[in-house]
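Listed below, chain by chain, are the residues.
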Amino acid sequence: MLRIYNTLSRRKEEFRPLAPKQVKIYVCGITPYDSCHLGHARCYVFFDVVRRYLEYKGYKVVYIQNITDIDDKIINRAKEMGEDPSSIASRYTTEYLMYMDLLNIKRASFYPKVTEHIEKIIKVISELINKNYAYRIDGDVYFDVERFSDYGKLSGRGKEARIAGARVEVDPRKRNPADFAIWKEAKEGEPSWESPWGRGRPGWHIECSVISMEYLGDSFDIHGGGVDLIFPHHENEIALSESYTGEKFARYWIHNGFVTINQEKMSKSLGNVFLLKELLDMYSPEIVRFFLLRTHYRSPIDFTLEKLEQAKVGLERFYNVFDNINWELREERMEGSSEEFPPEIAQIYRRFEEAMDDDFNTALALASLYELVPWVNNIISKKDKNFEDKELLRATKGAFYELGSVLGLFGQIKIALKEQGEQEEINRLIKEREEARACKDWTRSDIIRNELKKRGVILEDTPRGTKWRLQR
């Protein structure tokens, strides 16, 4: 039974989707005005795992992630760079998707853009005005937070705290200090659209309300994002959507914790942001993903290069086991897990699922997989292996692959060098090297080893022959 910590209720709740075999998820996407950083990776890697685990449990998942392609930040960056705002948004959106692909994050079902939904946004704003939830001041439209009696239910903030913590525009014309803009009057030289209130563009919060309802309906299952979005963004989304529809908006609210750098919150204002393109120049995307999943999503992650190095060592420990299994089963092709598992493997499945069912505890799920490592090594260390041992290794390989896929890890388990047209050549060179070693031609042996190393193939000489693996 899956239990999720719901920010709205501040407790873990049994997950019961609106439809029996379908889950609808909305996660706030990026504002593409700059390169993405480790904080983006933390959020989207985690929600990718949420999606993967729900699919593993048999649900059909509809996953929506918006793109805020018009915003003050984009406009300001465009002015700095002397470019059109749409060009800035397009370039950084393309870059974002490239890095998400590298991190093995599955593409969302849709990536709707704000500029593609202006007509619908205007319609919703007009209805909010008609219902007296919003009011017009010249070319601007504001939402009246006092009209929504449940305002503050997600964040738990009282009135004074709401005013102090909100990103509120300095505008003395507003009825209440915490009221927020849902339509902004056009400024000279900025992108704008025609509306009943004159030319302008949407405010920040209205876009997510409209887009999520457009793709997922008035009510849906899961809404997610970083903890920094709880207030004011998600609080405002609830107010807008429920005022418009009269229905409960999202049933489960999930928020991931901050990334800190040396115990200090990562932020551009502090100048301590790690861009993904910098990290991925130093470490593989899988190491970064593995590092992020070693901490429970609601806890802050304190990032240092030393901790990333530790994650590299931890991931390498798994791959060393995979290499050993592949050596023992070198005649076997990678296949999915079998219908029936040995008791030891079945127990790992149970522990893995118990961890994930407990609010997506990826750290504990990884710990369960680590339990397989010494068990596998004991089998491999046996001198004379029988058919049952091979079956155990085959089942273990399938388990690593299937459960690793839930976390988006261990994709290299099934790398097939023959797809690169190299397997026969590698085997030929290894055989030639073994013949050179038998003749004590160490010079030729070293030349072959170095040649294979250049191709990314690492050799390991054992009493039973030469093993090889791909360099990672």
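Quick notes on the rules
- Counting from 1, residues in each chain are numbered in the order their sequence is written.
- Given that the model is predicted, a residue must reach a pLDDT of at least 70 before its local features are reported, and side-chain atom pairs must reach 80 or more before they are shown or counted; all residues, however, enter totals for whole chains, interfaces and linings.
- The side-chain quantities take in all heavy atoms of the structure and omit both hydrogens and water.
- Going along the chain from the N terminus, every DSSP run of H or I of four or more residues is numbered as a helix, and every run of E of two or more is numbered as a strand.
- A 1.4 Å probe rolled over the protein chains alone gives each residue an accessible area, and that area as a share of the maximum for its type sets the label: buried under 20%, exposed over 50%, partly exposed in between.
- Contacts: residue pairs with any heavy atoms within 4.5 Å of one another.
- Computed with the Shrake-Rupley method and a 1.4 Å probe, the accessible areas treat only the protein chains shown as cover for residues.
- Every angle, taken between N-to-C directions, lies between 0 and 180 degrees, and every axis is a line fitted to C-alpha atoms, over only the stretch in contact when it is a helix.
- Should an angle fall under 35 degrees it is taken as roughly parallel, and over 145 as roughly antiparallel, whereas 65 to 115 is taken as roughly perpendicular and any remaining angle as oblique.
- Note on residue classes: Ala, Val, Leu, Ile, Met, Phe, Trp, Tyr, Cys and Pro are nonpolar, Asp, Glu, Lys and Arg are charged, and everything else, Gly too, is polar.
- Between any two strands, pairing holds if DSSP finds at least two bridges.
- Here, the term nonpolar core denotes a set of buried Ala, Val, Leu, Ile, Met, Phe, Trp, Tyr and Cys residues that are joined through side-chain atoms within 4.5 Å.
- What qualifies as a polar contact is a pair of N or O atoms within 3.5 Å, subject to a donor-acceptor requirement within protein and to the restriction that residues adjacent in sequence count only when both atoms come from side chains.
- When two rings of Phe, Tyr or Trp (its six-membered ring) have centres within 6.5 Å they constitute a pair, described as stacked for plane angles under 30 degrees, edge-to-face for angles over 60, and tilted for the intermediate range.
- Lysine and arginine charges are scored as sitting over a ring when NZ or CZ, respectively, is within 6 Å of the ring centre and within 35 degrees of the ring normal.

J.: Looking at this structure, I do not really get the overall build of the chain. What am I missing?
T.: A tally of helices and strands in the chain yields 16 helices and 15 strands. Split into buried and exposed, the 472 residues of the chain put 52% on the buried side. The long-range fraction of contacts in the chain, counting pairs at least 24 apart against all pairs at least 6 apart in sequence, stands at 75%. As displayed, the chain has an accessible area near 22,100 Å², and 47% of this comes from carbon and sulfur atoms.

J.: I keep staring at unusual backbone geometry and nothing clicks. Help me out?
T.: Excluding glycine, a negative phi dihedral is what most residues carry, and trans is how most peptide bonds are arranged. Going from Phe-231 to Pro-232, the amide bond is cis rather than trans, its omega being 10°. Locating Pro-232 in the fold gives a position in helix α7 (residues 230–245). Not every positive phi belongs to a glycine, and Arg-10 is a case in point at roughly 65°. Topologically, Arg-10 is positioned in the loop between β1 (3–6) and β2 (11–14). The exposure class assigned to Arg-10 is partly exposed, which follows from its relative accessible area of 41%. Phi is positive for Asp-138, close to 55°, though the residue is something other than glycine. For Asp-138, the location among the structural elements is in the loop between β5 (134–137) and β6 (140–143). The class of Asp-138 is exposed, set by a relative accessible area of 55%.

J.: Help me understand the packing of helix α1 (residues 38–56) against helix α9 (residues 285–293), please; the structure alone is not making it clear to me.
T.: Orientation of α1 relative to α9, taken along the N-to-C sense of each, is 75°, at an axis distance of 10 Å. Taken together, the axes of α1 and α9 are roughly perpendicular relative to one another. Residues Leu-38, Ala-41, Arg-42, Val-45, Asp-48, Val-49 and Arg-52 of α1 form the contact with α9, whose participating residues are Val-288, Arg-289, Leu-292 and Leu-293. A breakdown of the residues in the contact of α1 with α9 according to their chemical character gives seven nonpolar, no polar and four charged.

J.: Please explain the sheet that holds strand β11 (residues 259–261) as it appears in this structure.
T.: In a beta sheet, neighbouring strands are held together by backbone hydrogen bonds and run either parallel or antiparallel to one another. Here we have three strands laid out as an open sheet, ordered β12-β11-β13, and mixed in their pairing. One side of each edge strand has no neighbouring strand; the edge strands of this open sheet are β12 (264–265) and β13 (301–303). Pairing of β11 with β13, which is carried by three bridges, proceeds in the parallel orientation. If you follow Ile-261 over to β13, its bridge partner there is Phe-303.

J.: How do you make sense of the nonpolar core when you look at a structure like this?
T.: The nonpolar side chains of a soluble globular protein tend to be buried with one another. If you look at the biggest cluster of nonpolar residues, it comprises 85 residues, and the most contacted ones within it are Leu-54, Phe-360 and Phe-400. For this core, the element with the highest residue contribution is α1, accounting for eleven residues. Other than its neighbours up to four places away in sequence, Phe-360 contacts Leu-2, Ile-4, Phe-46, Val-50, Tyr-53, Ile-254, His-296, Tyr-297 and Ala-355. In this structure, Ile-230, Phe-231, Leu-240 and Ala-250 belong to the second largest nonpolar core, which totals 44 residues.

J.: Whenever I open this one, the environment of Ser-155 confuses me. Can you help?
T.: Within the secondary structure, Ser-155 sits in the loop between β6 and α5 (159–165). When the C-alpha atoms of Ser-155 and Glu-235 are compared, they prove to be 6.8 Å apart, with 80 residues separating the residues in sequence. Excluding residues within four positions of it along the chain, Ser-155 makes contact with Arg-10, Ile-230, Phe-231 and Glu-235. A distance of 3.4 Å separates a polar atom in the side chain of Ser-155 from the backbone nitrogen of Arg-157.

J.: Would you take a moment to explain the environment of Ser-149 for this structure?
T.: Relative to the elements of secondary structure, Ser-149 occurs in the loop between β6 and α5. For the pair formed by Ser-149 and Ala-239, sequence separation is 90 residues and the distance between their alpha carbons is 8.9 Å.

J.: It is not clear to me how the packing of aromatic side chains should be interpreted in this structure. Could you clarify?
T.: Each aromatic ring pair is described using two quantities: the centre-to-centre distance and the angle formed by the ring planes. Taken as a whole and judged by the stated rule, the model has 27 aromatic pairs. Members of the aromatic cluster, each reached through a chain of ring pairs, are Phe-290, Phe-318, Tyr-319, Phe-322, Tyr-370, Phe-400 and Phe-410. One cation-aromatic arrangement involves Arg-298 over Tyr-5; the distance from NZ or CZ to the ring centre is 4.2 Å.

J.: I keep staring at the sheet that holds strand β8 (residues 200–202) and nothing clicks. Help me out?
T.: The four strands are arranged β5-β6-β7-β8 in an open sheet whose pairing can be described as antiparallel. Single-partner strands in this sheet number two, and they are β5 and β8. In this sheet, neighbouring strand axes are inclined to one another by 20° on average, regardless of whether the strands run parallel or antiparallel. Across the face of the sheet, helix α4 (residues 118–130) comes into contact with β5, β6, β7 (180–185) and β8 while running at roughly 120° to β7.

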